[in-house]
Amino acid sequence: MAVVVKKDGAKQMILGSSSNFKNLVKKVIRSSSMKNLFKPKKPRIPVDVVRETRVLLLDLDAGGDTGGPKHDETLTKLDVLIGEMKSILYGVGESEPVPEACLQLTKEFFKDDTLLVLIFSLPKLNLEARKDATQVVANLQRQRVDSRLIASDYLEANLDLLDKLIMGCDDPDIVLHYGVILREFIRHQIVARYILNSEHMKKFFDYMQHANFDVSSVAASTFKELMTRHKSTVAEYLMKNYVWFFAEFNSKLLESTNYITRRNSVKLLGDILLDRSNSSVMIRYVSSLENMRVLMNLLRESHKNIQIAAFHVFKLFVANQNKPVEIVNILVANKSKLLRFFDGFCLEKEDETFEADKALVVKEIEELQPTPPNTRSGELSTKPRAE
């Protein structure tokens, strides 16, 4: 069967058989253009990947042709480049990342504010690029250059970047990505200390009560990381900010109308108070009648998870050998109710530690006797009570 093509308006018969057609195909494949088409592209070096990404991010941040062809082309290129950075840092498939390539990428990334530009541009990226960028930033927090966490040094010099992240954590569209990045940044003690001592701390109490689930859950997980990662820094902070911090913690979190907020917060309270670094804070907390009132109310919850978490804090009030007079007398006044409650208080699965703790609490309550108001029951009761 012949193949006919048009040339200069005239029909010409150029192939008259299938064998001629096959020869033409072979000739085309042998041509240099076809060889280049199927030849794999030489991978860009890490430094170039970062530099190209930075240039495109700056173009994107400048605004301009939003929604136009150039803007879409920029986003498409960024999808590829950020994906390449992720592949360099994490490896591809079963291939492990190359240490030298990771080192080159890390050095270049923190050289000319690529991190800052990327975070500011994150809301403008396509969803997959946001995910990849979040993973890239997370990985870079662990990369060392000359045995130093270069990310920590960079953040110390650019702490205002944290303001951007925290302020953006009430945006449902970006909070999941910002939350991951923020928790990774908190790995660095300098970052945790900055946030703890900033006005941003008060925002977390509001974010955790946000109507949007993503915002509230990210705030809760980030707040937990902040309050448990760096023991000595947190202990120092709580001693200095005890009054306002626990006033907010009790009223906004433990007494929240949201079940998840109450459950997560009472469990976090237990983690904080039971940490050895916070022993002084714990003694102060369990010497407050108002604090015990909050925990006794949580014990009355219908939700078992909250009851159990509250018990692990309440037992500290009972076990305190220097209980203030007012706490002793409240426990005595509620002795029968408490003993009746603990008699039926058990876990679905047998837990020896829980049963042992409960037995000690019951024994301590049974042995309590009312203390005359003019008598001090212990050294701690002579100190001013923190409400």
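Analysis parameters
Throughout, a residue's number is its position along its own chain's written sequence, starting from 1. Local features are withheld for residues below a pLDDT of 70 in this predicted model, meaning they are given only at 70 or higher, and side-chain atom pairs are given and counted only at 80 or more; totals for whole chains, interfaces and linings count all residues. Only heavy atoms go into the side-chain values, all of them from the structure, while hydrogens and water stay out. A 1.4 Å probe that fits but cannot get out identifies a cavity on a 1 Å grid over protein atoms alone, an open set with protein on both sides within 12 Å along at least five of seven lines counts as a pocket, and a residue lines either if it has an atom within 4 Å of a point. Grid points are joined across faces, edges and corners, and a volume is the space filled by probe spheres set on the points. Think of it this way: any DSSP run of H or I at least four residues long counts as a helix, any run of E at least two long counts as a strand, and we number them from the N terminus. Residues are grouped as follows: nonpolar covers Ala, Val, Leu, Ile, Met, Phe, Trp, Tyr, Cys and Pro; charged covers Asp, Glu, Lys and Arg; every other residue, Gly included, is treated as polar. All axes here are fitted lines through C-alpha atoms, helices being fitted over the stretch that makes contact, and every angle between N-to-C directions spans 0 to 180 degrees. Geometric relationships in this document are graded by angle, where less than 35 degrees denotes roughly parallel, more than 145 denotes roughly antiparallel, 65 to 115 denotes roughly perpendicular, and other angles denote oblique. Contact between two residues is taken to exist if any of their heavy atoms lie within 4.5 Å; hydrogens are not considered. For every residue, the pLDDT score states the predictor's confidence, bounded by 0 at the bottom and 100 at the top. Should the near helix be turned anticlockwise from the far one by less than a right angle, the crossing is termed left-handed; should it be turned clockwise, right-handed. Here the term buried applies to any residue with accessible area under 20% of the maximum for its type, exposed to any over 50%, and partly exposed to those in between, with areas from a 1.4 Å probe on protein chains only. What the arc covers is the set of directions going from the helix axis to the C-beta atoms. Only Phe, Tyr and Trp rings are paired, with Trp represented by its six-membered ring, and only when their centres lie within 6.5 Å; those with planes under 30 degrees apart are stacked, over 60 edge-to-face, the remainder tilted. In the sections that follow, a salt bridge refers to a side-chain nitrogen of Lys or Arg positioned within 4 Å of a carboxyl oxygen of Asp or Glu. What makes a nonpolar core is a set of buried Ala, Val, Leu, Ile, Met, Phe, Trp, Tyr and Cys residues whose side-chain atoms join them at distances within 4.5 Å. What a helix is expected to span follows from its residue count: subtract one and scale by 1.5 Å. We define a polar contact as two N or O atoms separated by no more than 3.5 Å, with the added condition that, inside protein, one atom must be a possible hydrogen donor and the other a possible acceptor, whereas residues neighbouring each other in sequence contribute only through side-chain atom pairs.

Trainee: Quick one: what's the story with the layout of surface pockets, residue by residue and with numbers?
Mentor: Of the volumes computed, that of the largest pocket is approximately 360 Å³. Together, 22 residues line the largest pocket, and S216, A220, I260, T261 and N264 are the ones closest to its centre. At the level of elements, helix 13 (213-228) and helix 16 (259-273) are the ones that each hand at least two residues to the lining of the largest pocket. For the lining of the largest pocket, the residue count by class is eight nonpolar, eleven polar and three charged. Estimated volume of the second largest pocket: approximately 300 Å³.

Trainee: Account for empty space enclosed by the protein, with residues named and values stated.
Mentor: Within this structure, the stated rule accounts for two cavities of 30 Å³ or more. Quantified by volume, the largest cavity comes out at close to 50 Å³. Every residue along the wall of the largest cavity is listed here: M227, T228, K231, V234, D271, I272, D275 and N278. For the lining of the largest cavity, the elements supplying multiple residues, two or more each, are helix 13, helix 14 (231-240) and helix 16.

Trainee: So, the packing of helix 13 against helix 14: which residues are in play, and what are the values?
Mentor: Two numbers describe how helix 13 lies on helix 14: the axes approach to 7 Å, and their chain directions differ by 95°. Judged by the angle between their axes, helix 13 and helix 14 are roughly perpendicular. In contact with L226, M227 and T228 of helix 13, helix 14 contributes K231, V234 and L238. Considered class by class, the residues forming the contact of helix 13 with helix 14 number four nonpolar, one polar and one charged.

Trainee: Could you give an account of the confidence of the model for the protein, naming the residues involved and the relevant values?
Mentor: In regions of low pLDDT, the predicted coordinates are not meant to be interpreted in detail. Within the protein, residue pLDDT values average 86, and 84% of them lie at 70 or more. Scored below 50 in pLDDT, residues 1-16 shows 21 contacts in the model against residues more than four places distant or in partner chains. Contacts from residues 375-387, a stretch scored under 50 in pLDDT, to residues over four places away or in other chains number 28 contacts.

Trainee: Before we move on, could you go through the packing of helix 9 (residues 160-167) against helix 10 (residues 175-185) and cite the residues and values that matter?
Mentor: The description of two helices packed together rests on the angle between their axes and the distance between the axes. Interhelical geometry of helix 9 versus helix 10 gives an angle of 140° and a closest axis separation of 9 Å. Taken together, the axis directions place helix 9 and helix 10 in an arrangement best described as oblique. Crossing hand, helix 9 versus helix 10: left-handed. Every residue of helix 10 that contacts helix 9 at L161, L162, K164, L165 and I166 is listed here: Y178, I181, L182 and F185. Of the residues contributing to the contact of helix 9 with helix 10, the split by class is eight nonpolar, no polar and one charged.

Trainee: Explain helix 12 (residues 200-207) to me, and be specific about the residues and the numbers.
Mentor: Along helix 12, the residues classified as buried are H200, M201, F204, F205 and Y207. Buried residues of helix 12 fall within an arc of 165° about the axis and therefore sit on the same side. In this structure, the buried residues of helix 12 make contact with helix 9, helix 10, helix 11 (189-196), helix 13, helix 14 and helix 15 (242-254).

Trainee: Lay out the environment of V80 in plain terms, naming residues and giving numbers.
Mentor: Looking at the secondary structure, you find V80 in helix 4 (residues 69-90). By relative accessible area, which is 45% here, V80 ends up partly exposed. It is 9.4 Å that separates the C-alpha atoms of V80 and T53, two residues lying 27 residues apart in sequence.

Trainee: So what's going on with the packing of aromatic side chains? Residues and values would help.
Mentor: Tallied over the entire structure, the rule returns 23 aromatic pairs. Ring pairs connect the aromatic residues F204, F205, F223, Y237, Y242, W244, F245, F246, F249, Y285 and F317, which therefore count as one cluster.

Trainee: Go over the pattern of salt bridges, please, and point to the residues and values.
Mentor: Counted according to the given criterion, the structure contains 25 salt bridges. Residue R187 pairs with E184 through a salt bridge whose shortest N-O separation is 3.9 Å. Residue R187 is classed as partly exposed on the basis of its relative accessible area of 32%. Notably, a salt bridge pairs R262 with E301, separated by 2.7 Å at the nearest N-O pair. Taken together, the positions of R262 in helix 16 and E301 in the loop between helix 18 (289-299) and helix 19 (304-319) put the pair 39 residues apart, joining distant regions of the chain. Residues R262 and E301 agree in their burial class; the two are buried.

Trainee: Quick rundown of the side chain of H230? Include the residues and the values.
Mentor: Within the secondary structure, H230 sits in the loop between helix 13 and helix 14. Judged by relative accessible area, H230 falls into the buried class, the value being 12%.

Trainee: Break down the nonpolar core for me, citing the residues and quoting the values.
Mentor: Among the nonpolar cores identified, the biggest contains 104 residues, and F185, F223 and Y285 are the most heavily contacted of them. Per element, the largest residue contribution to this core is ten residues, and it comes from helix 19. If sequence neighbours within four positions are ignored, F223 has contacts with M201, F204, F205, M208, F245, F249, L253 and L268.

Trainee: How would you sum up helix 16? Please name residues and give values.
Mentor: Taking 1.5 Å per residue, 15 residues should reach 21 Å; helix 16 reaches 21 Å between its end C-alpha atoms and fits that length. When we look at burial in helix 16, the residues that qualify are T261, R262, S265, V266, L268, L269, G270, I272 and L273. Turning to helix 16, the residues buried within the fold contact helix 13, helix 14, helix 15, helix 17 (279-285), helix 18 and helix 19. Residue N258 occupies the N-cap position of helix 16, its side-chain oxygen lying 2.9 Å from the main-chain nitrogen of I260.

Trainee: Now, about the environment of D271: what can you tell me, with residues and values included?
Mentor: Residue placement: D271 occurs in helix 16. In this structure D271 comes out as partly exposed when scored by relative accessible area, which is 32%. D271 sits 41 residues away from H312 along the chain, and the two C-alpha atoms are 9.5 Å apart.

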